[in-house]
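So the chains spell out like this:
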Amino acid sequence: MTGTTVRSVETVALRSEPDEPFGYAQAWVEERTALLVRVETADGGVGWGECWGPIAGSRETIEDFLAPIVEGRDPADVERIHEDLRDRTRAAYQSVVPYPAISGVDLALWDLRGKRRGESVASMLGGRRRDAVRAYATGHYFKHGADLEAQYERITAEAAANADRLGAVKAKVGLSLLGYGPDEDVELVRRRVRDAVGPETTLLVDANYAYDAGTARRVGRELDDLDVYWFEEPVPPTDVDGYARLRDALDVRVAGGECHTPPEFDRLFEAGAVDVAQPDLCNAGGLTAGRRIADRAAGAGVPVVPHVWGTPVAIAASLQLIATLPGRPWLEFDSSSNPLREELAPDGFAAGDDGTVAVPDGPGLGVDLDADALDRYRV
Ligand SMILES: [Mg+2]
């Protein structure tokens, strides 16, 4: 394989509307947006990446600052390029590294590297341990206009359907968005969702940091009795001490990481603050950082179940990493409405009858994006 160089680094901003707006502890989701990164080489190869979070910020950072650093480089040097981007932005932005922007570029370079070698990313990371990954359903969001009983009914019906399909579901708590409190959250899980999905279903609970540590301890003790598998983001991401104290105080596993950067994962592991680590590849620095976090987690004896949210690019990248992880990791399977997820890769990442999702076989990330859908949603 002869070397090539990066000719261009471009962003592709996408916007779509879900069937119906939905809410979680921190916000209402009125639109589904994505910022993809398209890297093209001098010989016409194309790699795709994705950035977590708002389009604004990452788009400008990539186009105006990161692209000139990457252009002219050999995409095979992805880890070296990643470190250059991290170090250059750290110096430029008063030590605040824009990890979502770096993530998108990093993922596109891994995709390109794999395509040039004719190898999947999982193969380049050392080989897959599994060809399909069990999935759990994320969804069960709050909806506008429903009173509390109606919220409970809609959520439990959705959870029951997802439990039938996948055998593992994640309930959202944080009804504070609607003016309720932790008692209503506990009621939702205790007397509603657990009853609806039955005792055999794996039940996870995600607070999206709705609580302070004292409230989270109280809620967590209720979850202890309900055979909840993990309690996700009970407190704000910066409260590492709160995480650690909760982990000591509760039986239920404490999970977190979707909002954490690599140095923050270092602190979580040093403090023994989580039972399950959830790096998001589009937020924490792409596959370069994701693999390093996973190695760190393995050293600390902490299983990794990546946070996954977004388009088929994010899903494919996550599956490539998950295929290589020890233990029995899950794929977080977003079942909420998102035309981008449903239409950008029509062959998609559907769950099979056994509740697993296949790891893509193709080179790189193993995802082919539909050009018409890209045009349809591009802004
Ligand atoms: Mg979450």
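With that out of the way, let us pick up the layout of surface pockets. Taken as a whole, the largest pocket spans an internal volume of roughly 670 Å³. Tyr24, Val29, Trp52, Gly53 and Trp309 are the residues nearest the centre of the largest pocket, which is lined by 33 residues in total. Elements with a minimum of two residues in the lining of the largest pocket: strand 2 (22-24), strand 3 (27-29), strand 4 (32-41), strand 5 (46-51) and strand 7 (168-172). Here the lining of the largest pocket is composed, by residue class, of 15 nonpolar, seven polar and 11 charged.

What follows is about the sheet that holds strand 1 (residues 6-16). The three strands are arranged 1-4-5 in an open sheet whose pairing can be described as antiparallel. Only two strands of the sheet have a single neighbouring strand rather than two, namely strand 1 and strand 5. For this sheet the average axis-to-axis angle between neighbouring strands, irrespective of direction, equals 25°.

Now for helix 6 (residues 182-197). Its 16 residues place the ends of helix 6 21 Å apart at the C-alpha level, agreeing with the 22 Å of an ideal helix rising 1.5 Å per residue. The axis of helix 6 is deflected most strongly, by about 30°, at Val189. Buried residues along helix 6 sit in contact with helix 5 (148-166), strand 7, strand 8 (202-206), helix 7 (213-224) and strand 9 (228-232). At the C-terminal side of helix 6, Gly198 shows a positive phi close to 85°.

In this section: the pairing of strand 9. The element strand 9 is extensively covered by neighbouring structure, given that four of its five residues are classed as buried. With helix 7 bridging strand 8 and its parallel neighbour strand 9, the resulting β-α-β unit is right-handed. Two strands pair when backbone bridges link them, and strand 9 and strand 10 (residues 253-256) are joined in this way by three bridges, in the parallel orientation. When the sheet's bridge partners are listed, Trp230 is paired in strand 10 with Arg253. After leaving strand 9, the chain enters helix 8 (residues 240-249) and then returns to the sheet as strand 10, a path that is right-handed.

Its domain assignment divides the protein chain into domain 1 (6-123) and domain 2 (127-377). Spacing between the C-alpha centres of domain 1 and domain 2 amounts to 22 Å. A combined buried area of about 4200 Å² lies between domain 1 and domain 2, and 62% of that area is made up of carbon and sulfur atoms. In terms of surface lost to domain 2, no three residues of domain 1 exceed Trp28, Arg32 and Trp52, which account for 17% of the buried area on that side. Connecting domain 1 to domain 2 are five salt bridges. Close ionic contact of Arg291 with Glu79 constitutes a salt bridge, the shortest N to O distance being 2.5 Å.

In the contact formed by helix 2 (residues 78-92) and helix 3 (residues 99-117), the axes pass within 10 Å of each other and the chain directions differ by 165°. Taken together, helix 2 and helix 3 sit at an angle that is classed as roughly antiparallel. Every pair of crossing elements has a handedness; the one defined by helix 2 and helix 3 is right-handed. Together, Val78, Glu79, Ile81, His82, Leu85, Arg86, Thr89 and Arg90 of helix 2 and Tyr99, Ile102, Val105, Asp106, Leu109, Trp110 and Arg113 of helix 3 make up the contact between the two elements.

Conventions and cut-offs
Residues numbered from 1 in each chain as written. Predicted model: local features only at pLDDT ≥ 70, side-chain atom pairs only at ≥ 80, totals over all residues. Heavy atoms only, no water. 1 Å grid on protein atoms, 1.4 Å probe; cavity = no way out; pocket = protein on both sides within 12 Å on 5 of 7 lines; lining within 4 Å. Points joined across faces, edges and corners; volume = space filled by probe spheres on them. Helix = DSSP H or I, 4+ residues; strand = E, 2+ residues; numbered from the N terminus. Nonpolar A, V, L, I, M, F, W, Y, C, P; charged D, E, K, R; others polar. Pairing = 2+ DSSP bridges. Axes fitted to C-alpha atoms, helices over the stretch in contact; angles between N-to-C directions. Expected span 1.5 Å × (residues − 1). Bend = angle between axes of the 7 residues up to and from the residue. Contact = heavy atoms within 4.5 Å. Buried < 20%, exposed > 50% of the residue type's maximum accessible area, 1.4 Å probe, protein only. Right-handed = clockwise from strand over helix to strand, strands pointing away. Domains from an automatic or database assignment. Buried area = accessible area lost by both parts, 1.4 Å probe. Salt bridge = Lys/Arg side-chain N within 4 Å of Asp/Glu carboxyl O. Parallel < 35°, antiparallel > 145°, perpendicular 65-115°, else oblique. Left-handed = near helix turned anticlockwise from the far one by under 90°.

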